[in-house]
Amino acid sequence: MTRRADKPGARAAARALLDDHGIKTPPIPIERIARSLGIRVEYAPLDGDLSGLVCIRDGVPIVGMNALHAPSRQRFTLAHELAHVQLHRRHLEHAVHVDRGPLRRDARAAEGLDPIEIEANTFAAELLMPPDIIASALGGRSVDLEDDDAVVALARRFRVSPAAMRYRLSSLGEQS
């Protein structure tokens, strides 16, 4: 039997990190969080669509990031790899985990079938764009997802891509 993704567990783990660090305003300091958890983050130019990788060596989590990618993509990649450390650590003690493309490893992940990747993406979105902090930033207003200027402004505030913010707002039901 195939394991199902635990999205509620991934969201809860991300919220716990935010609570543990007392974070209540954007942008979420993802590198500071990673360092506080003892994660070593290294940037290097990586091939093509290779976004990042994560492994554990001698008990130390190491995240490799593609230095050629846009800063907003790097932030999401780091949050995604941090999710693997927090949620899937036992897998990392035996192999290097590689994420390609828009954070997809293979056809199963691209089709939304890989529970590990679903959990990592859920965690990353919750960590970088928490619903309560988005609501606070909006001040009770809603965002028209067709209003590019509004989506871009909110994305800049959270230091994520407009595409990631639009998807997040849509998934949270923020469309007016």
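Notes on the structure follow. (Residues numbered from 1 in each chain as written. Predicted model: local features only at pLDDT ≥ 70, side-chain atom pairs only at ≥ 80, totals over all residues. Heavy atoms only, no water.)

**Examining the overall build of the chain**
From N to C terminus, the chain includes 9 helices and 4 strands. Compactness check: the chain gives a C-alpha radius of gyration of 16 Å against a globular reference of 16 Å for 176 residues, within 12% of the reference. Across its three principal directions, the C-alpha atoms of the chain cover 45 × 35 × 35 Å. The proportion of buried residues among the 176 residues of the chain is 41%. A sequence separation of at least 24 residues applies to 62% of the contacts in the chain between residues at least 6 apart. Seen as two clouds, the 24 positive and the 24 negative side-chain charges of the chain have centres 3 Å apart. (Helix = DSSP H or I, 4+ residues; strand = E, 2+ residues; numbered from the N terminus. Rg over C-alpha atoms; globule rule 2.2 N^0.38 Å. Buried < 20%, exposed > 50% of the residue type's maximum accessible area, 1.4 Å probe, protein only. Contact = heavy atoms within 4.5 Å. Lys, Arg positive; Asp, Glu negative; His and termini not counted. Charge placed at Lys NZ, Arg CZ, Asp CG, Glu CD.)

**Points about the environment of aspartate 49**
Following the sequence through the fold, aspartate 49 ends up in the loop between strand E1 (40–44) and strand E2 (50–57). Looking at aspartate 49, the relative accessible area reads 40%, which means it is partly exposed. The sequence separation of aspartate 49 and valine 63 amounts to 14 residues, and the corresponding C-alpha distance is 16 Å.

**Regarding helix H8 (residues 148–158)**
Buried residues of H8: Val151, Leu154, Ala155 and Phe158, and no others. One face of H8 carries all of its buried residues, which in axial projection span an arc of 105 degrees. In this structure, H8 carries Asp149 and Arg156 as exposed residues pointing more than 90 degrees from its buried face. On its buried face, H8 is in contact with helix H3 (71–87), helix H6 (115–128), helix H7 (131–138) and helix H9 (162–171). Note on H8: the residue one or two positions beyond its end, arginine 159, has a positive phi of about 55 degrees. (Arc of directions from axis to C-beta.)

**Description of unusual backbone geometry**
In this model, proline 26 is joined to proline 27 through a cis peptide bond whose omega is -5 degrees. If you trace the backbone, proline 27 turns up in the loop between helix H1 (7–20) and helix H2 (30–36). For aspartate 58, which is not glycine, the phi torsion reads 55 degrees and is therefore positive. On the secondary structure map, aspartate 58 appears in the loop between E2 and strand E3 (60–66). When its relative accessible area of 83% is taken as the criterion, aspartate 58 is described as exposed.

**Considerations on the packing of H3 against H6**
Contact geometry of H3 with H6 gives a least axis separation of 8 Å together with a crossing angle of 120 degrees. As far as their axial angle goes, H6 and H3 are oblique. The chirality of how H3 crosses H6 is right-handed. Contacts from Arg75, Phe76, Ala79, His80, Leu82, Ala83, His84, Gln86 and Leu87 in H3 reach Ile116, Glu117, Glu119, Ala120, Asn121, Phe123, Ala124, Ala125, Leu127 and Leu128 in H6. (Axes fitted to C-alpha atoms, helices over the stretch in contact; angles between N-to-C directions. Parallel < 35°, antiparallel > 145°, perpendicular 65-115°, else oblique. Left-handed = near helix turned anticlockwise from the far one by under 90°.)

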